[in-house]
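# Reading the structure
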Amino acid sequence: MKTDDLIASLTADAPVQQTPPRRAFLIAVIAGVLIAGGAFLMTLGPRHDFMQAIRTLRFDFKFVVTIVLAASALLVARDMARPEVHRSRMRMLLLAAPVLLVIAVALELYTVPQDQWMPRLIGQNMRFCTTMIPLFALGPLALLLWAFRSGAPENPARAGAVAGLIAGGIGAAFYAAHCFDDSPLFVATWYTLAIGLVTGLGAFIGSRLLRW
Amino acid sequence: MPPANKPDSPEAAWAELMRAGLAGNAAAYRQLLEAIAPRLRKFAVNGLLRSGIGNADAEDVVQEILLAIHLKRQTWMQDQPFLPWLNAIARHKLIDVMRRRGRRAEVPIEGLIEILPDETQAPETSASELNKLVSRLDGKQQTVVSSISLDGHSIKDTAAALGMSEGAVRVAFHRGLKRLAELYREGGAA
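What you see is a predicted model, and the numbers here were worked out from it, not measured in a lab. (Residues numbered from 1 in each chain as written. Chains lettered and ligands numbered in written order. Predicted model: local features only at pLDDT ≥ 70, side-chain atom pairs only at ≥ 80, totals over all residues. Heavy atoms only, no water.)

Moving on to the pattern of salt bridges. Residues and elements named next belong to chain A. Across all of its chains, the model carries 18 salt bridges over all chains by this definition. In this structure, the salt-bridge partner of R120 is E108, at a minimum N-O distance of 2.9 Å. Of this pair, R120 sits in helix α6 (residues 117-122) while E108 sits in helix α5 (residues 96-111), and the two are 12 residues apart along the sequence. What makes R120 partly exposed here is its relative accessible area of 28%. (Salt bridge = Lys/Arg side-chain N within 4 Å of Asp/Glu carboxyl O. Helix = DSSP H or I, 4+ residues; strand = E, 2+ residues; numbered from the N terminus. Buried < 20%, exposed > 50% of the residue type's maximum accessible area, 1.4 Å probe, protein only.)

If you want it as structure tokens, here you go:
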């Protein structure tokens with residue numbers, strides 16, 4: 001085939017256009033939140049004392065840290081979908097959630113007597129937590145990987161991992177509304193583990209699915 | 001913030017063509033690809049020579065890059081400079097080609113594609129890899145892609161000849177092109 005013939009072919013295909021990555025991400029996040037939210041309401045639902053709980057700092061912090069994580073990862077993902085962006089200027093934002101978590105853990109250790117540290121870290125629901133967060137994250141992860149397919153990420157595994165961070169953050173935010181373990185010690189341990197699993201899964205799938 | 005496209009520069013002209021193309025102007029889109037192709041050719045020849053592969057199949061690389069540009073054109077942000085985007089796509093594909101041939105690719109990041117006019121003529125030889133890949137497409141996709149890309153029929157004529165709707169031909173054709181890009185990645189025709 002001559003290159004001129006190929007160019008003529010590509011011109012013939014010009015009317016068929018894929019969704020631009022930014023719009024694809026917007027769709028993926030909205031649909032992902034709806035799916036994860038629907039799954040949450042059909043299975044667990046919010047804890048019975050939700051209205052009282054939202055007046056406590058520890059409960060609210062779980063939403064702050066998970067939503068900050070998802071939002072910062074989304075900003076990075078939008079850049080990573082562009083082939084010419086080697087290092088997103090947004091990437092430092094990914095430190096925001098970990099820094100918040102470290103501060104919260106420090107405050108918890110400062111305010112809570114030492115013999116309470118381990119019980120709070122272990123909590124009541126660690127297995128449930130590390131199971132449900134990844135399950136709630138699966139829908140959003142699939143959608144975010146689909147969104148990344150319309151992009152051209154330089155590093156497919158890393159792009160998949162960032163999709164996993166967004167999905168993990170979304171899944172964790174819903175799970176947080178159900179869980180009675182509010183201590184930052186619990187969140188820093190088990191939420192991190194659960195979101196890490198989703199991130200690893202995203203990287204694994206991304207390294208295969210997001211090549212272009 | 002990267003500098004915006006300077007007005008009147010060749011890069012700005014390309015960006016303008018690309019914007020028009022994305023807005024549905026097929027003539028502008030074709031003009032852009034025709035303007036880019038010689039630069040890609042030089043880029044591919046230089047890149048292959050530098051890695052010691054030899055530039056015999058440079059035209060295959062040009063075609064693979066053009067296909068990637070086409071399939072990823074929605075990732076260009078229209079308010080951003082065009083050349084860094086083009087370079088990134090070309091570089092990504094060249095690295096891919098070299099990796100498939102077992103070479104460690106060393107491709108500098110910036111300034112690969114020159115926008116200055118040059119004398120390189122399009123070779124009369126036609127590249128062969130894409131033909132082999134077309135023959136590996138599945139039934140309907142192969143028929144449609146052959147008709148349009150190899151035999152030069154229009155979408156309309158192809159639809160009439162195959163008794164398909166134009167919409168169905170467009171879909172099969174687009175999927176066929178995507179599949180071709182995948183077949184390249186899976187190791188090409190080798």
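Another aspect to go through is the packing of helix α6 (residues 139-150) of chain B against helix α8 (residues 166-185) of chain B. Residue and element names in this part refer to chain B. Look at α6 against α8: their axes get within 8 Å of each other, and the N-to-C directions meet at 95°. Considering their axes alone, α6 and α8 lie roughly perpendicular with respect to each other. Contacts from K140, Q141, V144, V145, I148 and S149 in α6 reach V169, A172, F173, R175, G176, R179 and L180 in α8. Its residues assigned to classes, the contact of α6 with α8 comprises seven nonpolar, three polar and three charged. (Axes fitted to C-alpha atoms, helices over the stretch in contact; angles between N-to-C directions. Parallel < 35°, antiparallel > 145°, perpendicular 65-115°, else oblique. Contact = heavy atoms within 4.5 Å. Nonpolar A, V, L, I, M, F, W, Y, C, P; charged D, E, K, R; others polar.)

The next thing to look at is the state of the cysteines. By definition, a disulfide links the sulfur atoms of two cysteine residues through a covalent bond. Residue and element names in this part refer to chain A. Across all of its chains, the model carries zero disulfides over all chains by this definition. C129 forms no disulfide, and the closest cysteine sulfur to it belongs to C179, at a distance of 5.9 Å. Accessibility expressed as a relative area gives 0% for C129, which makes it buried. With a relative accessible area of 1%, C179 lands in the buried category. (Disulfide = S-S within 2.5 Å.)

This part is about the packing of aromatic side chains. Residue and element names in this part refer to chain B. For the structure on display, the rule yields 11 aromatic pairs over all chains. Their ring planes at 85° and their centres at 6.5 Å tell us that W14 and F82 sit as a pair that is edge-to-face. With W14 in helix α1 (residues 10-22) and F82 in helix α4 (residues 82-100), the pair connects residues that are 68 residues apart, well separated along the chain. Taking relative accessible area as the criterion, W14 reaches 6% and is therefore assigned buried. (Phe/Tyr/Trp six-rings, centres within 6.5 Å; stacked < 30°, edge-to-face > 60°.)

What follows deals with the nonpolar core. Counting 59 residues, the largest nonpolar core has L66, I69, F82 and L180 of chain B as its most contacted members. The element contributing the most residues to this core is helix α2 (residues 26-50) of chain B, with 10 residues. For L180 of chain B, the residues in contact, after removing those within four places along its chain, are L67, L130, L133, V134, L137 and V145 of chain B. M80, M132, C179 and F186 of chain A belong to the second-largest nonpolar core, a separate cluster that totals 52 residues. (Core = buried A, V, L, I, M, F, W, Y, C linked by side-chain atoms within 4.5 Å.)

On the surface, R149 of chain A together with K140, R175 and K178 of chain B cluster together into a patch of positive charge. Locating K140 of chain B in the fold gives a position in helix α6. (Patch = residues over 30% accessible without salt bridge, like charges linked within 9 Å, V, L, I, M, F, W, Y side chains within 5 Å. Areas by Shrake-Rupley, 256 points an atom, 1.4 Å probe, with all protein chains shown as cover. Lys, Arg positive; Asp, Glu negative; His and termini not counted. Charge placed at Lys NZ, Arg CZ, Asp CG, Glu CD.)

Contact with chain B, which involves 49 residues of that partner, is made by 36 residues of chain A. Taken together, the two surfaces of chain B and chain A that pack against each other cover about 3700 Å², and 60% of this comes from carbon and sulfur. R91 of chain B is the partner of E154 of chain A in a salt bridge, and the nearest nitrogen-oxygen pair spans 3.7 Å. At the junction of chain B with chain A, the criterion picks out 16 residue pairs in polar contact (both at pLDDT 80 or more). Elements that contribute at least two residues to the side of chain B that touches chain A include exactly α1, α2, α3 (58-71), α4, α5 (129-134), α6 and α8 of chain B. Taken together, the residues of the side of chain B that touches chain A break down into 25 nonpolar, 11 polar and 13 charged. (Buried area = accessible area lost by both parts, 1.4 Å probe. Polar contact = N/O pair within 3.5 Å; in protein donor to acceptor, adjacent residues only side chain to side chain.)

Residue and element names in this part refer to chain A. Here E108 falls in the buried class, since its relative accessible area comes to 2%. Within the structure, the side chain of E108 is placed 2.7 Å from the side chain of S183, a separation counted as a polar contact. Those residues within four positions of E108 in sequence are excluded, and the remaining contacts are R58, W117, R120, S183, P184 and L185.

To continue, consider the packing of α3 of chain B against α8 of chain B. Residues and elements named next belong to chain B. Taken N-terminus to C-terminus, the directions of α3 and α8 make an angle of 130°; their axes are 10 Å apart at the nearest point. In terms of orientation, α3 lies oblique with respect to α8. For the element pair α3 and α8, the recorded crossing hand is left-handed. Residues D60, Q63, E64, L67, H70 and L71 of α3 lie in contact with α8, whose contacting residues are H174, L177, K178, L180, A181 and Y184. (Left-handed = near helix turned anticlockwise from the far one by under 90°.)

A few words on the confidence of the model for chain A. When pLDDT is averaged along chain A, the result is 96, and 100% of the positions lie at 70 or above. Across chain A, helix α8 (residues 156-178) of chain A holds the top mean pLDDT of 98, while helix α1 (residues 3-12) of chain A sits lowest at 93. (pLDDT = per-residue confidence, 0-100.)

This part covers α8 of chain A. Residues and elements named next belong to chain A. In this model, α8 (23 residues) spans 34 Å end to end at C-alpha, consistent with the 33 Å of a helix rising 1.5 Å per residue. Across the 23 residues that make up α8, a large majority, 19, are buried. The distance from a side-chain oxygen at the start of α8 to the backbone nitrogen of A157 is 3.2 Å, and the residue carrying that oxygen is N155. (Expected span 1.5 Å × (residues − 1).)

Moving on, we get to a nonpolar patch on the surface. All names here are of chain A. A surface patch of nonpolar side chains, about 490 Å² in accessible area, is lined by M92, L95, V99, I103 and L107. Structurally, the position occupied by V99 is in helix α5. Classification of V99 by relative accessible area gives partly exposed; the value is 45%.

On to the confidence of the model for chain B, then. Model confidence for chain B is summarised by a mean pLDDT of 85, while 82% of its residues fall at 70 or above. Scored by ipTM, the complex comes to 0.89, with pTM at 0.91.

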